Amino acid sequence: MSRLPLLVEPEWLEAQLGSPDLRVIDASWYLPDAARDARAEHAGQHVPGAVYLDLSTDLADLEAPVRNTVAPPERLARAFAAAGVSNEDRVVIYDRKGGYSAGRVWWTLRYAGHEHAALLDGGLERWTREGRPSSDCAEAPARGIFQARAEPRWLASREDVLRALADGSAQIVDARSPARFRGEGVEPAKRPGHIPGSRNVPYDANLHGDPPVLKRLDALRSVYEDAGVSLERPIITSCGSGVTASLTAFALQLLGHERVAVYDGSWAEWGNTDELPIETGP
């Protein structure tokens, strides 16, 4: 199996299409107010051979009280196997928003113990703008053999966050917009604000350009350092419901930061739990 970097270029992926150990996942996903159907968009156009996975249904625990909670390992194993993914396959993930939701599926694979996953830099928009091939054919991959091995280090609970607040064992990085972080924007949770002491690095601060791609490493490092985040200490990432927090975890991995976990409940849990502390303002 050839080495797979964390971030791959469209040219690299096009040359690899058809490789027997390569799987491509379309992870496009939108909030309801976007009024877009990601599964239908996939059916109309996708990277040849790509299969679609919905992070909020295929990979989520539908019985959990908090939306988008990651599914138990055995369910993740079934979902990835149905998508044709085996444990030793190389998996490239993309979306239509520069990594907005692809990061979540990448993180889910890592949580499930799969180590050979990458994002396509620039996603489908860059792919098509560069004139690379696309397909509207329904893909029917052979079922993979996927044994999930949960890696708890990737996942943080609200108890982990409370512990970090009490003993300073980890920093909290919030990937929501500055307005939501301050408690001024439209907030789906009943309480606006942020986790006390957390730092705000909006998910799109990891991106630049049109179509959006990941910032180069020096610029990416500056984004976190300028926000007061130490890249030498453990980090827990958070957002609205654990989606864009996963892109933050990916960006930190690009920077070589290994001690990062995603708070899966994020503000959907924290902001709706009255006894948990909050702050507003900068």
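Nothing here was measured: the structure is a model prediction, and the numbers come from that model.

**Q** Can you walk me through the sheet that holds strand 11 (residues 235-238) in this structure?
**A** Two orientations exist for strands paired in a sheet by backbone hydrogen bonds: parallel and antiparallel. Ordered by their spatial adjacency, 5 strands build an open sheet running 6-12-11-7-8, and the pairing between neighbours is parallel. Either end of the sheet is taken by a strand with one partner, and the two such strands are strand 6 (155-156) and strand 8 (199-200). Summarising the sheet, strand 6 and strand 12 (residues 260-263) pair through 2 bridges and their orientation is parallel. Bridge pairing in strand 12 links Leu-155 to Val-262.

**Q** I would appreciate a short explanation of helix 4 (residues 102-111) in the present structure.
**A** Quick reminder: α-helices carry 3.6 residues per turn. Residues three or four places apart thus point the same way. Buried residues dominate helix 4, accounting for 10 of its 10 residues. Of the residues making up helix 4, those classed as buried are Ala-102, Gly-103, Arg-104, Val-105, Trp-106, Trp-107, Thr-108, Leu-109, Arg-110 and Tyr-111.

**Q** How should I be thinking about the pattern of salt bridges in this particular structure?
**A** Two side chains that carry opposite charge are able to pair once their charged atoms sit near each other. Counted under the stated rule, the structure contains 25 salt bridges. Residue Glu-41 is joined to Arg-36 by a salt bridge in which the shortest nitrogen-to-oxygen separation is 2.9 Å. Residue Glu-41 is classed as partly exposed on the basis of its relative accessible area of 23%. By relative accessible area, which is 43% here, Arg-36 ends up partly exposed.

**Q** For this particular structure, what's the right way to read the packing of aromatic side chains?
**A** For any two aromatic rings, the description comes down to two numbers: the centre-to-centre distance and the angle of the planes. For the structure shown, the criterion picks out 7 aromatic pairs. Between Phe-80 and Phe-146, the ring centres sit 5.3 Å apart and the planes meet at 35°, which makes this aromatic pair tilted. Here the residue Phe-80 occupies a position in helix 3 (residues 73-82), and Phe-146 occupies one in the loop between helix 5 (123-129) and strand 6, the gap between them amounting to 66 residues. Taking relative accessible area as the criterion, Phe-80 reaches 0% and is therefore assigned buried. On the basis of relative accessible area, Phe-146 is assigned to the buried category, the value being 8%. Between Tyr-100 and Tyr-203, the ring centres sit 5.3 Å apart and the planes meet at 65°, which makes this aromatic pair edge-to-face. In this pair, Tyr-100 is assigned in the loop between strand 4 (90-94) and helix 4 and Tyr-203 in the loop between strand 8 and strand 9 (207-208), connecting sequence segments 103 residues apart. Members of the aromatic cluster, joined through ring pairs, are Trp-29, Tyr-100 and Tyr-203. Positioned above the aromatic ring of Trp-267, the side-chain terminus of Arg-176 is 4.6 Å from the ring centre.

**Q** Looking at this structure, I do not really get the sheet that holds strand 4. What am I missing?
**A** The strand order 1-5-4-2-3 describes an open sheet built from 5 strands, whose pairing is parallel. Single-partner strands in this sheet number two, and they are strand 1 (7-8) and strand 3 (51-52). Relative to strand 5 (residues 117-120), strand 1 runs parallel, the two being bridged by 2 bridges. Along strand 5, the bridge assignment pairs Val-8 with Leu-120.

**Q** I would appreciate a short explanation of the pairing of strand 2 (residues 22-26) in the present structure.
**A** The two faces of the sheet receive side chains in turn, since in a regular strand these alternate between them. Burial runs high along strand 2: 4 of the 5 residues are buried. Pairing between strand 2 and strand 4: 5 bridges, direction parallel. The partner of Leu-22 across the bridge, within strand 4, is Arg-90.

**Q** Please clarify how the side chain of Glu-187 should be interpreted in this entry.
**A** Tracing the backbone through its elements, the reader meets Glu-187 in the loop between helix 7 (178-182) and strand 8. You can call Glu-187 buried: its relative accessible area is 15%. What Glu-187 contacts, discounting residues up to four positions off in sequence, is Arg-176, Arg-180, Pro-192 and Trp-267.

**Q** Teacher, can you tell me more about the packing of helix 4 against helix 9 (residues 244-254) here?
**A** Geometrically, a packed helix pair is captured by the angle between its two axes and the distance between the axes. Put simply, helix 4 and helix 9 touch, their axes get as near as 7 Å, and they point 70° apart. Classed by the angle they form, the pair helix 4 and helix 9 counts as roughly perpendicular. Counted together, Gly-103, Arg-104, Trp-106, Trp-107 and Arg-110 of helix 4 and Ser-246, Leu-247, Ala-249, Phe-250 and Gln-253 of helix 9 form the full contact between these two elements. A class-by-class count of the residues in the contact of helix 4 with helix 9 yields 5 nonpolar, 3 polar and 2 charged.

**Q** What am I meant to see in the environment of Leu-162 here?
**A** Within the secondary structure, Leu-162 is located in helix 6 (residues 158-167). For Leu-162, a relative accessible area of 34% puts it in the partly exposed group. Along the backbone, Leu-162 and Glu-9 are 153 residues apart, and their C-alpha atoms lie at a distance of 39 Å. Apart from the residues within four sequence positions on either side, Leu-162 is in contact with Trp-270, Leu-276 and Pro-277.

**Q** Even after reading the chapter, I still don't get helix 8 (residues 217-226), so can you show me in this structure?
**A** Residues of helix 8 that are buried include every one of Leu-220, Val-223 and Tyr-224, and no others. In an axial view of helix 8, the angular spread of the buried residues amounts to 85°, which keeps them on one side of the axis. Facing away from the buried side of helix 8, by more than 90 degrees, are the exposed residues Asp-218 and Asp-226. Looking at the residues trailing helix 8, positive phi occurs at Gly-228, about 85°.

Procedures and definitions
- Residues numbered from 1 in each chain as written.
- Predicted model: local features only at pLDDT ≥ 70, side-chain atom pairs only at ≥ 80, totals over all residues.
- Heavy atoms only, no water.
- Pairing = 2+ DSSP bridges.
- Helix = DSSP H or I, 4+ residues; strand = E, 2+ residues; numbered from the N terminus.
- Buried < 20%, exposed > 50% of the residue type's maximum accessible area, 1.4 Å probe, protein only.
- Salt bridge = Lys/Arg side-chain N within 4 Å of Asp/Glu carboxyl O.
- Phe/Tyr/Trp six-rings, centres within 6.5 Å; stacked < 30°, edge-to-face > 60°.
- Lys NZ or Arg CZ within 6 Å of the ring centre and 35° of its normal.
- Contact = heavy atoms within 4.5 Å.
- Axes fitted to C-alpha atoms, helices over the stretch in contact; angles between N-to-C directions.
- Parallel < 35°, antiparallel > 145°, perpendicular 65-115°, else oblique.
- Nonpolar A, V, L, I, M, F, W, Y, C, P; charged D, E, K, R; others polar.
- Arc of directions from axis to C-beta.

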